[in-house]
Amino acid sequence: MKRIGTFLLALMLALAVPAPCFAAVDEKTVEAPSAVLVSADTGAVLFEKNAHDRRSPASVTKLMTMLLVAEALDTGKIKLTDTVTGSANAASKGGSQIWLEVGEQMTVEELLKAVVIASANDACTALAEFVAGSDGAFVQCMNARAKELGLQDTHFENCTGLDDTAKNHFSSAYDLAVIAREVLRHNWITKYTTVWLDSLRDGKTELNNTNKLVNTYDGITGLKTGTTEKAGFCLCATARRDGGMQLIAVVLGAKTSEQRFSAATALLDSGFADYRLVTLSADPKKITQITVKNGVQKILNPAVPAKQQLLCAKGSGDPTYEYKLKRTVDAPVRKNTKVGTVTVKLEGKTVAELPVYAGVNIDKTAFWSVFVRFLRTF
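The model shown is predicted, which means the values in this text are computed figures rather than measured ones.

Peer 1: For this particular structure, what's the right way to read the nonpolar core?
Peer 2: As a rule of thumb, nonpolar side chains are buried together in soluble globular proteins. In terms of nonpolar packing, the biggest core is built from 62 residues, with Ile98, Ile179 and Val250 touching the most fellow members. Taken together, the elements giving at least two residues each to this core come down to strand E1 (34–39), helix H2 (62–74), helix H4 (108–118), helix H5 (121–132), helix H6 (135–148), helix H7 (173–184), strand E8 (232–241) and strand E9 (245–254). Those residues in contact with Ile98 that lie beyond four places of it in its chain are Met106, Leu111, Ala114, Ala120, Asp122, Ala123, Leu200, Arg201, Thr205 and Leu207. In this structure, Ala32, Leu37, Leu235 and Ala264 belong to the second largest nonpolar core, which totals 24 residues.

Structure below.
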């Protein structure tokens, strides 16, 4: 009996599937002076370590270059098939490059691949000149876009991240995560950021992704590495899992390349282990009609609030909804006037409020209209 019992216990242990276990992430386990983990879906900060410290971002600078190029493509200002001619300025850039020659012609798509996959500084400069007319004009656009995004700890001197002569070129882990979030809104960009190997010039120039997580991390979607002596080893890594939840990990100033990748991996793992993405959706049946006083229409049908996404801790219950709408409103009613609120609670705590708005304009009844109605009634 003892032998049978021992055998059954051993069999049970052999067949048991251990639950995934991730070490808790803290400032000590993230071996870099500055880091942040952000939800790409909601913008929530899930972990931070000196996230607002101003540091040299090296080639992670190219996130802003990628953003401006993506916006130019999506607005139709440029096309992937447009031809770009290499300038002397672009060809002179050192560091990572594709050895662009003066007068050499490549398409926007070829140069974009060189930037995203191989972090090519010459290709980056050529794109900048094509989009804005000059390298300097493009840098002005970069700083203007940073200001639009409300970034407090970012200033660019170039589009590449080369910092050997730069004196006022900096960003922060948090600001770079914000830029990355904007880049990911152009979801077609992952067609390039997830490529491990590619080539240009009919296979003569090989492009090898500098982000090794592209080849090793489950759900990776990009996004950009950077390394200089001044900046150290930097990385912005993004990944999507668990029904579409996407996270952004930024690591700046690591001492080794391995440290930046292990830190980003730990951050992403902790985010996917601890959080889930919930879509908040109000019940249209509970968005009741509202009586309009002295209006040309007597009934207002409010617009149903747009769906929103909420990041919740795994293991938490489902959200509950409380509806509070006005019973009556006075005309005139203007479209998008707030007429109620849907309060979302999770485990008894308010986690979101969805405003309810009027979906149409309703004018006030004119005096003559009231008079005519009175006569008809009489």
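That was the structure; now back to the text.
Peer 1: How should I be thinking about the packing of H5 against H6 in this particular structure?
Peer 2: Packed helices, taken two at a time, are described by their axes: the angle between them and the distance between them. As a packed pair, H5 and H6 sit with axes 8 Å apart at the nearest point and diverge in direction by 80°. One element, H5, and the other, H6, form an angle in the roughly perpendicular class. Where H5 approaches H6, its residues Thr125, Ala128, Glu129, Val131 and Ala132 are matched on the opposing element by Asp135, Ala137, Phe138 and Cys141. Grouping the constituent residues of the contact of H5 with H6 by class yields six nonpolar, one polar and two charged.

Peer 1: What is the right way to read the sheet that holds strand E16 (residues 338–346) from this model?
Peer 2: Within a sheet, adjacent strands bond to each other through the backbone by hydrogen bonds, running parallel or antiparallel. A sheet is described by the order of its strands in space; here three strands give the open sequence E14-E16-E17, paired in antiparallel fashion. The open sheet has two edge strands, strand E14 (320–325) and strand E17 (349–357), and neither has a second partner. This sheet shows a mean twist of 20° between the axes of neighbouring strands, independent of strand direction. Note: E14 against E16, six bridges, orientation antiparallel.

Peer 1: Just checking my understanding: could you explain the packing of aromatic side chains for this structure?
Peer 2: With the rule as written, the count across this model stands at one aromatic pair. Note on Trp188 and Tyr192: the rings are 6.4 Å apart at their centroids and 90° apart in plane angle, and the pair reads as edge-to-face.

Peer 1: Help me out: how do you make sense of the environment of Gly271 in this one?
Peer 2: For Gly271, the position within the fold is in helix H9 (residues 257–274). Residue Gly271 is classed as buried on the basis of its relative accessible area, which comes to 1%. Through-space distance from the C-alpha of Gly271 to that of Leu46 is 7.3 Å; in sequence the pair is 225 residues apart. When residues no more than four places from it in sequence are discounted, the contact partners of Gly271 are Leu37, Met245 and Leu247.

Peer 1: Help me understand the side chain of Glu182 in this model?
Peer 2: Relative to the helices and strands, Glu182 is located in helix H7. If near-sequence neighbours (up to four positions away) are discounted, Glu182 is found in contact with Leu67, Arg145 and Leu149.

Peer 1: Would you explain the sheet that holds strand E11 (residues 290–293) in this entry?
Peer 2: With mixed pairing, the three strands of this open sheet are ordered in space as E12-E11-E15. Each of the sheet's edge strands pairs with one partner strand only, and the pair in question is strand E12 (299–300) and strand E15 (328–330). Summarising the sheet, E11 and E12 pair through two bridges and their orientation is antiparallel. Residue pairing in the sheet places Thr291 in a bridge with Ile299 of E12.

Peer 1: Just checking my understanding: could you explain the packing of H2 against H4 for this structure?
Peer 2: One can describe the packing of H2 onto H4 by two numbers: an axis separation of 11 Å at closest approach and a directional angle of 155°. Judged on the interaxial angle alone, H4 and H2 are roughly antiparallel. Seen along the crossing, H2 lies across H4 with a hand that is left-handed. Contacts between H2 and H4 involve Lys62, Met66, Val69 and Leu73 from the first element and Val108, Leu112, Val115 and Val116 from the second. Taken together, the residues of the contact of H2 with H4 break down into seven nonpolar, no polar and one charged.

Peer 1: Would you mind going over the pairing of E11 with me for this structure?
Peer 2: Within a regular beta strand, the side chains point alternately toward one face of the sheet and then the other, so they alternate between its two faces. Burial along E11 is one-sided: the residues Ile290 and Val292 are buried and none of Thr291 and Lys293 is. Inspection of the sheet shows E11 paired to E15 by three bridges, in the parallel sense. Counterpart to Val292 in the pairing with E15 is Val329.

The rules we used
- Residues numbered from 1 in each chain as written.
- Predicted model: local features only at pLDDT ≥ 70, side-chain atom pairs only at ≥ 80, totals over all residues.
- Heavy atoms only, no water.
- Core = buried A, V, L, I, M, F, W, Y, C linked by side-chain atoms within 4.5 Å.
- Buried < 20%, exposed > 50% of the residue type's maximum accessible area, 1.4 Å probe, protein only.
- Helix = DSSP H or I, 4+ residues; strand = E, 2+ residues; numbered from the N terminus.
- Contact = heavy atoms within 4.5 Å.
- Axes fitted to C-alpha atoms, helices over the stretch in contact; angles between N-to-C directions.
- Parallel < 35°, antiparallel > 145°, perpendicular 65-115°, else oblique.
- Nonpolar A, V, L, I, M, F, W, Y, C, P; charged D, E, K, R; others polar.
- Pairing = 2+ DSSP bridges.
- Phe/Tyr/Trp six-rings, centres within 6.5 Å; stacked < 30°, edge-to-face > 60°.
- Left-handed = near helix turned anticlockwise from the far one by under 90°.

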